[in-house]
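Observations on chain architecture
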Amino acid sequence: MPDQPSLQFPGGQDPRPAADTGRDAGAPGPVDTDSAAETDAATAPAPDTTPAFAAPLPVPLAARPRTPRVPWWAGLLGRLMRPWIGLKVEPQAPEALVDHRPVCYVLEDYGLSNALILERACREAGLPSPLQPLPGDPLGRKRAYVALSRRNAGGALALAAGMAPSKSTHSESLSRLLEAHRLDPALDVQVVPVSIFVGRSPDKNNGWFSVLFSENWAIVGRFRRLLSILLNGRDTLVRFAEPVEVRPLLAEDLGAERTVRKLSRVLRTHFNRVREAIIGPDLSTRRLLVDKVLASPSVKDAIADQARRDNIKPEDAWKKAHAYAYEIAADYSHPVVRSASFLLTTVWNRIFRGVLVHHLDRFKEAAPGHEIVYVPSHRSHMDYLLLSYLLYGRGIVPPHIFAGVNLNLPVIGTLLRKGGAFFARRSFRGNALYSAVFSEYMAQLVGGGYSIEYFIEGGRSRTGRLLPPKGGALVMTLRAYLREPRKPVLFQPVYIGYEKLMEGNSYLDELSGKQKKKESIWQLLWSIPQVLRSNYGQVVVNFGEPIHLSDVLAEMAPDWDGGPVAEDEKPAWLANTVDVLAQRIHVNINRAADVNPINLLAMALLSTPKHAMGEADLLAQIALSKQMLVEVPYSDRVTVTPHSPAEIVAHGEEIGVLERVAHPLGDVLRVDDEQAVLLTYYRNNVLHLYTASAWIACCFLHNRRMSRHTVRRLGRTMYPFLQAELFLPWNEDGFAERIERTFDVFVREGLLELANADDGEVFARNAGQTDEVFRLRALSHPLQQAFERYYIAISVLAKNGPGTLGAGELESLCQLAAQRLSLLYAPAAPEFFDKSLFRGFIQKLRELGLVKLDGNSKLVFDERLAVLAKDAKVILGRELRHSIEKVSPEAVRAVPAPPPPAD
């Protein structure tokens, strides 16, 4: 590849429509600055420098000469083409890009259809006609446009034969234009790049056959172009870029040949970048990426090690690596993606009652110039399809998706691979060659500027909570960036919220203790009719606050100089950086949560013993839950359903979540036991939003009076455990501030009252079973079982004593105690005895120094753990504490063998 030219263009290229950005949507920019917010496809690397020259300010259209008439033949052909061509011009006001000077347009390739489309776009925008010569006709062809390459009628045949269609190294007309400027110092032409795409828009319901003739990377012949116009011409996009200034380029005095080559290279890079942004990466990238992966030093070394270890020929080890690479690699196909978009549009309209997207415009503002890594929450297999579908539908190239090999099913795996999925085995352990190939493939994607999507939870959440993050993909991304820190990386958290899950029944089985069923093509085909007959409500996709990797590195690795880090080098700060990054991703996913009607119904109904409420009580509780989010907002990216409580109840009945039981004293709304287990999933989606209100409610559940100071002090003590479990964004002071604001809301709503109005330091709840006490109890319920789990762990530790249990033993005993408590007393949510939640609590105890490991890897503790247990008595009732202490098991100790009998 030749060296990248130093020529720069003003205004960095941004393929978004002007309506989204408020600025020019198609200006060329520095080669390394892919400012497409919708994509980060592979781009040619180049240094990031400031523009060398910029266009002068535009002048009013009235100051320009009147546009002369176009040739008669062009008018005739234009009228013939008009019924078949529907234009979308970007930016919305392209005439503002140029001034009174002559304009020469640059197309990517020649073609009569391109010329006629360009002429119509210019006429409708009030721009000079490309079919009229420039002053003095410096091009010598009685027109005002040039092209970088000529459309080759045999291009399609060449591609079919495995050969690349021929392209000239640069345009002769462009060379003549530059020479005319040298000969005439008064000549000053604005060179405006224009990209034309026929059949890109995914928003129209084109026929399936049209997909075969949609825009792609091939240089097609006249017949295929004609079919493309007939089938897809109504979805034609014309994108104008900011003009290139010729005079500053000539002032560099590079010589005629070097100047035209330099300008041609930069223009071609611009066109490639726009094409990648509009239609996605080149379809040949799978083979190219595999070749790069196998040629990398790390994979070569792994192949040599494999050959020595297995005592096989290097060629055989290379074949194994080649097979691994093809097992992993995506095979992105634009026609398949476009066809899938048509199919999914039909499916979504049938099974969903709408798919809403929030904050996408804010993502577009942050994304330009970055390698994008999408990190969504993972709750359903629909997550893969939904996010890619939404991005594609908004003109954003779908990312390459990190998928589990369990989805590489016959037919389905091929379709997913064509849609950008690449597959990973569940474990790389014991297979150094596979690990090297996969890591290098990830590095090639990051280094090549491809957008990537992966789920750092590692699997789908069965409880509705975010699962503890796994750092494997983050480590690969971070090491790939450090190996070649060229393009900055931006992590984009995405929250995906469902009202009803397709996998709900299978999750219910798994939560009940049944084994997870292995995915199969027959299982999928069998489920399709049932899925298409179901109503899954509405889906909401919220884009969270993006995370810039450079900011995390500046904080965690202040001594890093920004230079490359060798693959075999392991900086001391790497592990902590991955942990902090994973934590922030989860925090920002939670800060973009959506509160839908089913979340609010679950919060209310699960707080009652029989999962039922009178209609008036249910409406009041939903209204209170919504009011809490308004009065004490969690973040500016949290969205809440606009429906009234009555509409929420009606919606729950419509999609089969809620059952109404008529009664003379008033209707009762309820859910059965099986549905209640599923509703815990939707409650857990938004549990973190109500932490402060639930905490205060818990404090007054068994205490009629409490001081403000005590609630804050206990809140600070318990907050580290809640923060670790729910991925909360504040520090202890921030949580205390939210407690204060929540107190004000509770007083206004009548849930609490000031016991001493003079100092305002003591609060009290109503005595007896009033409506206010009922609502307070409902607010406390989501966190109550978390505190019960904490007390179980403390009780088991205390009962067994220091130096007795290892961390793993404590987890198992806690799980057994929680299961027994649920069986003997009140049924609990499935996550109540989730071992991973106990593991997180024990880990936080160790981080805070409340428990430590001794020399035998056993947990030891001191009197501070007893203080924590004493604080728990404020929150948990005496009867519940006694029940927990009673079921807390002791570890089985080995009984010493009796001494041998005496002789």
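Figured I'd write up the structure that's included with this text. All values reported here derive from a predicted model rather than from experimental measurement. (Residues numbered from 1 in each chain as written. Predicted model: local features only at pLDDT ≥ 70, side-chain atom pairs only at ≥ 80, totals over all residues. Heavy atoms only, no water.)

**A look at the packing of helix α23 (residues 597-605) against helix α26 (residues 673-686)**
Two measures define how a pair of helices packs: the angle their axes make with one another and the distance between the axes. At a minimum axis distance of 8 Å, the contact between α23 and α26 shows a crossing angle of 105°. The orientation of α23 relative to α26 falls into the category roughly perpendicular. Here I598, N599, A602 and M603 of α23 lie close against α26, whose contacting residues are L679, Y682, R683, N685 and V686. For the contact of α23 with α26, the residue count by class is six nonpolar, two polar and one charged. (Axes fitted to C-alpha atoms, helices over the stretch in contact; angles between N-to-C directions. Helix = DSSP H or I, 4+ residues; strand = E, 2+ residues; numbered from the N terminus. Parallel < 35°, antiparallel > 145°, perpendicular 65-115°, else oblique. Contact = heavy atoms within 4.5 Å. Nonpolar A, V, L, I, M, F, W, Y, C, P; charged D, E, K, R; others polar.)

**What about helix α12 (residues 314-328)?**
Counted at 1.5 Å a residue, the expected span for α12 with its 15 residues is 21 Å, and the 21 Å between its end C-alpha atoms agrees. Of the residues making up α12, those classed as buried are A317, A321, Y324, A325 and I328. With its buried residues spanning 100° around the axis, α12 presents them on a single face. Facing away from the buried side of α12 by over 90 degrees, the exposed positions are E315 and K319. (Expected span 1.5 Å × (residues − 1). Buried < 20%, exposed > 50% of the residue type's maximum accessible area, 1.4 Å probe, protein only. Arc of directions from axis to C-beta.)

**Concerning the packing of aromatic side chains**
Applying the stated criterion to the full structure yields 28 aromatic pairs. Seen in terms of ring centroids, F352 and Y536 are 6.4 Å apart; in terms of plane orientation they differ by 70°. Their pairing is edge-to-face. Taken together, the positions of F352 in the loop between α13 (334-351) and β7 (355-358) and Y536 in the loop between α20 (521-532) and β13 (539-543) put the pair 184 residues apart, joining distant regions of the chain. For the pair formed by F352 and Y536, the shared burial category is buried. What links up through ring pairs into an aromatic cluster is the set Y324, F402, F422, F428, Y434, F438, Y441 and Y454. We note R143 situated over the ring of Y145; from NZ or CZ to the ring centre the distance is 4.9 Å. Sitting over the face of the ring of Y434, R425 holds its NZ or CZ atom 4.5 Å from the ring centroid. (Phe/Tyr/Trp six-rings, centres within 6.5 Å; stacked < 30°, edge-to-face > 60°. Lys NZ or Arg CZ within 6 Å of the ring centre and 35° of its normal.)

**A look at unusual backbone geometry**
Looking along the chain, the bond that leaves E90 and enters P91 is cis, with omega of -5°. Within the secondary structure, P91 sits in the loop between β1 (87-90) and β2 (103-109). For N311, which is not glycine, the phi torsion reads 55° and is therefore positive. Unusually for a residue other than glycine, S857 sits at a positive phi of about 60°. Position of S857 among the secondary structure elements: in the loop between β23 (851-853) and β24 (859-861).

**Points about the sheet that holds strand β16 (residues 612-614)**
The strand order across the open sheet formed by three strands is β16-β19-β18, and the pairing between neighbours is antiparallel. The open sheet has two edge strands, β16 and β18 (659-661), and neither has a second partner. Each strand axis lies, on average, 25° off the axis of its neighbour in the sheet, ignoring direction. Both β18 and strand β19 (residues 668-670) contribute to a ladder of three bridges, which runs antiparallel. (Pairing = 2+ DSSP bridges.)

**What to know about the sheet that holds strand β22 (residues 762-764)**
As summarised here, the arrangement of the three strands in space is β20-β22-β21, forming an open sheet in which the pairing is antiparallel. Each end of this open sheet is capped by a strand with a single partner; those strands are β20 (705-707) and β21 (753-754). Helix-sheet contacts for helix α28 (residues 708-726) involve β20 and β22, and the interaxial angle to β20 is about 75°.

**Observations concerning helix α17 (residues 432-447)**
Spacing of three or four residues puts side chains on the same side of an α-helix, whose turn is 3.6 residues. Across its 16 residues, α17 extends 22 Å between first and last C-alpha, which sits within 8% of the 22 Å expected from 1.5 Å per residue. When you tally the buried positions in α17, you get 12 out of 16 residues, the bulk of the element. For α17, the full list of buried residues reads L433, Y434, A436, V437, F438, E440, Y441, M442, A443, Q444, L445 and V446. Positive backbone phi, approximately 85°, marks G449, located one or two places after α17.

**Remarks on the packing of helix α31 (residues 807-824) against helix α34 (residues 878-887)**
In contact at an axis separation of 9 Å, α31 and α34 are set at 125° when each is read in the N-to-C sense. Relative to α34, the element α31 lies oblique. When the axes of α31 and α34 are compared, the crossing they make is right-handed. Here α31 contributes A817, R820, L821 and L824 to the contact with α34, which in turn contributes S883, I884 and V887. Its residues assigned to classes, the contact of α31 with α34 shows five nonpolar, one polar and one charged. (Left-handed = near helix turned anticlockwise from the far one by under 90°.)

**Notes on the pattern of salt bridges**
Within the structure shown, the criterion is met by 40 salt bridges. Across the pair R362 and D636 runs a salt bridge whose closest N-O atoms are separated by 3.1 Å. Here the residue R362 occupies a position in helix α14 (residues 360-366), and D636 occupies one in the loop between α24 (615-631) and β17 (639-640), the gap between them amounting to 274 residues. Judged by relative accessible area, D636 falls into the exposed class, the value being 56%. We note a salt bridge from R660 to E653, for which the minimum N-O separation is 3.1 Å. With relative accessibility at 28%, the residue E653 sits in the partly exposed group. Within this structure, D99, R101, D188 and E245 form a network of salt bridges that share partners. (Salt bridge = Lys/Arg side-chain N within 4 Å of Asp/Glu carboxyl O.)

Functional significance is not addressed by these values, which are geometric in nature.
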